[in-house]
Amino acid sequence: MADQCVLAWIFASAVALFAVVRHLTAKKRDGFRPGSSQVVNSVATTNGECRSGDASDADVIIVGAGVAGAALAHTLGKDGRRVLVIERDLTEPDRIVGELLQPGGYLKLIELGLEDCVEEIDAQRVFGYALFKDGKHTQLSYPLEKFHSDVSGRSFHNGRFIQRMRQKAASLPNVRLEQGTVTSLLEEKGTIKGVQYKTKSGQELTKFAPLTIVCDGCFSNLRRSLCDPKVDVPSCFVGLVLENCQLPYANHGHVILADPSPILFYPISSSEVRCLVDVPGQKVPSISNGEMANYLKTVVAPQVPPEIYDAFVAAVDKGNIRTMPNRSMPAAPYPTPGALLMGDAFNMRHPLTGGGMTVALSDIVVLRDLLKPLRDLHDASSLSKYLECFYTLRKPVASTINTLAGALYKVFCASPDQARKEMREACFDYLSLGGLCATGPISLLSGLNPRPLSLVAHFFAVAIYGVGRLLLPFPSPKRIWIGARLISGASGIIFPIIKAEGLGKCSSLQLFQLITELLLLKGDMNLAKHCQTISYFVFHPFPCSWFTLYTKVECPVM
């Protein structure tokens, strides 16, 4: 035992020495990003005056009151912060996405004290997924055995959910919601000091706060000030509402592996089922001249389960067809003092897996826990360090869900390539095996097990399973070639997404956190704690590390 401890300390010390050297050399290289002050879409504050805490209109200004903005306003308001929310339109939104909250997201909702926001809106409980392909189907249930009976997914009308959260936020005396359009961020000496906005009546106003959080959604006009947005639009969703029909599997989301791309069905009320038809590319058939209705009836309808075929055709005939582009955008923030991006303004993934709200709510929990020890947000230096830590701490959940969404969409789309066909078939059959082959991937998708390493392991397990199916019982040169291309194709899907998520760019602090995670996965708690302790003292004043996320152990007292 003593020998193991000595070896542990030698290993941890060696890694610490390497990380410190790397940290110091990187510090000399990096410095402040050149020209960053010119990138910020902002205006200078008048006379360059430095405002004290008493001059601020709020502790936090939140731009946008969607899912992320409204939940964040309530969370920070409950912690005693003075919060001003500026939302372009406070009427009930009407969207065709943001309607499915995974169980992991519902757990975050409970953690934030917002679980009652899914009550009184006819929300439906969701217990898993049903997968359909070429006449075959399989049921994938969420692994909820260890949770309270109330824990499950929830599906609902997005607008009703948002209005409930806005009402709950506005019920706090220190939270104020205003309708207006933010036109720019106010910058002073490289620090964001507040916002300039137009009210509903057209009056131009400015508001000041030590922290401005931009949550103005996927169409954000402020994100270029705070990040490097690389938005990809791989497909569009065509949305319909089916009325008074029963899905083959009650209280389940349904995914049809159709040609050319997936079709989704899930309940959004006790009498309505949302249908989302994925159309690859950025152009969709015209709705006005009837091309869309014809496409849905001739191409999509024959691939719909027979139990809901009539309801699908009736929804097409009713004509309330809507479309929206599916965007994905990896998080690439410019660390900016006094400002932070959250929600779809900051990070988007393909909505196939319904992970957007889970990521947003998880980010809010991380930010809340980070800011709790910081009583005075006017301490700009401390605030900046805490906000930088946020970008690291959010990665386990966000990167897992984002990577899974991108990878699954590519696998689930039909392709003329034989290797891609085999990968798609292997994925369906792998999930149909049940046991760990089903609960592992579904726990990742549901947000109940947000571990990037587990995701990569299952993804390549599917690929290897596909190769095994090809080579048995008798391998041939053609099958071996297809198997090699399958593995190559799988790598070509997953690794670019991982790279885009920034998991390949680790600072010295992140290096320690990754090492700690690997040790925890191996079960070596003692060595993991040594690495976490060294990481804390070497990189203080960073307030916490991934260690707390995996072990629920509090950081040392600061």
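This structure is a prediction, so every number in the text was calculated from the model and none was measured. (Residues numbered from 1 in each chain as written. Predicted model: local features only at pLDDT ≥ 70, side-chain atom pairs only at ≥ 80, totals over all residues. Heavy atoms only, no water.)

Visitor: Can you tell me about the overall build of the protein chain, naming the residues and giving the values?
Guide: Counting its secondary structure elements, the protein chain contains 17 helices and 18 strands. Looking at the protein chain as a whole, 54% of its 558 residues qualify as buried. Taking as baseline every contact in the protein chain between residues at least 6 positions apart, the subset at least 24 positions apart corresponds to 74%. If you sum the accessible surface of the protein chain, you get close to 24,400 Å²; carbon and sulfur atoms cover 56% of it. (Helix = DSSP H or I, 4+ residues; strand = E, 2+ residues; numbered from the N terminus. Buried < 20%, exposed > 50% of the residue type's maximum accessible area, 1.4 Å probe, protein only. Contact = heavy atoms within 4.5 Å. Areas by Shrake-Rupley, 256 points an atom, 1.4 Å probe, with all protein chains shown as cover.)

Visitor: Which residues make up helix α6 (residues 291–300), and what values do they have?
Guide: Taken together, the buried positions of α6 are occupied by Met292, Tyr295, Leu296 and Val300. Buried positions in α6, seen along its axis, are confined to an arc of 95° and lie on one side of it. Among the structural elements, β13 (232–243), β15 (263–267), β16 (272–280), α7 (309–318) and β17 (322–328) are those in contact with the buried residues of α6. (Arc of directions from axis to C-beta.)

Visitor: Describe the pairing of β16, listing the residues and the values that go with them.
Guide: Most of β16 sits out of view: eight of its nine residues are buried. Pairing analysis gives five bridges linking β15 to β16, with the strands arranged antiparallel. By the bridge assignment, Leu264 is partnered in β16 with Leu276. (Pairing = 2+ DSSP bridges.)

Visitor: Pulling in residues and values, what's your account of the side chain of Arg154?
Guide: Mapped onto the secondary structure, Arg154 falls in strand β8 (residues 153–155). For Arg154, a relative accessible area of 6% corresponds to the buried category. A polar side-chain atom of Arg154 sits 2.6 Å from a polar atom in the side chain of Ser152. Leaving out residues up to four positions away in the same chain, Arg154 has contacts with Glu99, Leu100, Leu101, Tyr106, Val118, Gln124, Arg125 and Val126. (Polar contact = N/O pair within 3.5 Å; in protein donor to acceptor, adjacent residues only side chain to side chain.)

Visitor: Which residues make up the nonpolar core, and what are the values?
Guide: The nonpolar side chains of soluble globular proteins are, as a tendency, buried together. If you look at the biggest cluster of nonpolar residues, it comprises 70 residues, and the most contacted ones within it are Leu72, Phe161, Ile213, Met342, Leu367 and Phe390. When residues of this core are assigned to their parent elements, the largest contribution, nine residues, is made by helix α8 (residues 356–371). Ignoring any residue separated from it by four or fewer positions in sequence, one finds Phe161 in contact with Val67, Leu109, Cys117, Val118, Ile121, Phe156 and Met357. Core analysis: the second largest hydrophobic core is formed by 52 residues, Val411, Leu444, Leu448 and Leu470 among them. (Core = buried A, V, L, I, M, F, W, Y, C linked by side-chain atoms within 4.5 Å.)

Visitor: Report on the pattern of salt bridges, specifying residues and quantitative values.
Guide: Summed over all chains, the structure comprises 23 salt bridges. The salt bridge partner of Glu99 is Arg274, with a shortest N-O separation of 3.0 Å. Residue Glu99 is located in the loop between β3 (83–87) and β4 (100–101), and its partner Arg274 is located in strand β16; the two are separated by 175 residues in the primary sequence. Pair check on accessibility: Glu99 and Arg274 agree, each one buried. Between Asp317 and Lys297 there is a salt bridge, with its nearest N and O atoms 2.5 Å apart. With Asp317 in helix α7 and Lys297 in helix α6, this residue pair connects regions lying 20 residues apart in the sequence. (Salt bridge = Lys/Arg side-chain N within 4 Å of Asp/Glu carboxyl O.)

Visitor: If you had to explain the environment of Lys193 to someone new, which residues and values would you point to?
Guide: Note that Lys193 resides in strand β10 (residues 191–199). Note on Lys193: relative accessible area 26%, which makes it partly exposed. In this structure the C-alpha to C-alpha distance between Lys193 and Ala209, which are 16 residues apart in sequence, comes to 5.9 Å.

Visitor: Could you give an account of the sheet that holds β8, naming the residues involved and the relevant values?
Guide: Backbone hydrogen bonds hold the strands of a sheet together, and the pairing may be parallel or antiparallel. The three strands are arranged β4-β8-β5 in an open sheet whose pairing can be described as antiparallel. Where the open sheet ends on each side, the last strands, each with one partner, are β4 and β5 (124–126).

Visitor: Give me helix α4 (residues 103–111): which residues, what numbers.
Guide: Buried residues of α4: Pro103, Gly104, Gly105, Tyr106 and Leu109, and no others. For α4, the secondary structure elements touched by its buried residues are β4, β8, α5 (158–170) and α8.

Visitor: Kindly report on the sheet that holds β17, identifying the contributing residues and their values.
Guide: With mixed pairing, seven strands are arranged side by side in an open sheet as β7-β6-β14-β15-β16-β13-β17. Of all strands in the sheet, those bounded by a partner on one side alone are β7 (136–141) and β17. On average, each strand axis in the sheet is tilted by 20° relative to the strand beside it, whichever way the strands run. Alignment of strand β6 (residues 128–133) against β7, held across six bridges, turns out to be antiparallel. Across the sheet, Gly128 pairs through a bridge with Ser141, a residue of β7. Packing against the sheet, α7 makes contact with β13, β15 and β16, and its axis sits at approximately 100° to β13. (Axes fitted to C-alpha atoms, helices over the stretch in contact; angles between N-to-C directions.)

Visitor: Now, about the environment of Phe495: what can you tell me, with residues and values included?
Guide: The topology assignment puts Phe495 in helix α14 (residues 477–500). For the pair Phe495 and Ala407, spaced 88 residues apart in sequence, the C-alpha to C-alpha distance is 9.5 Å.

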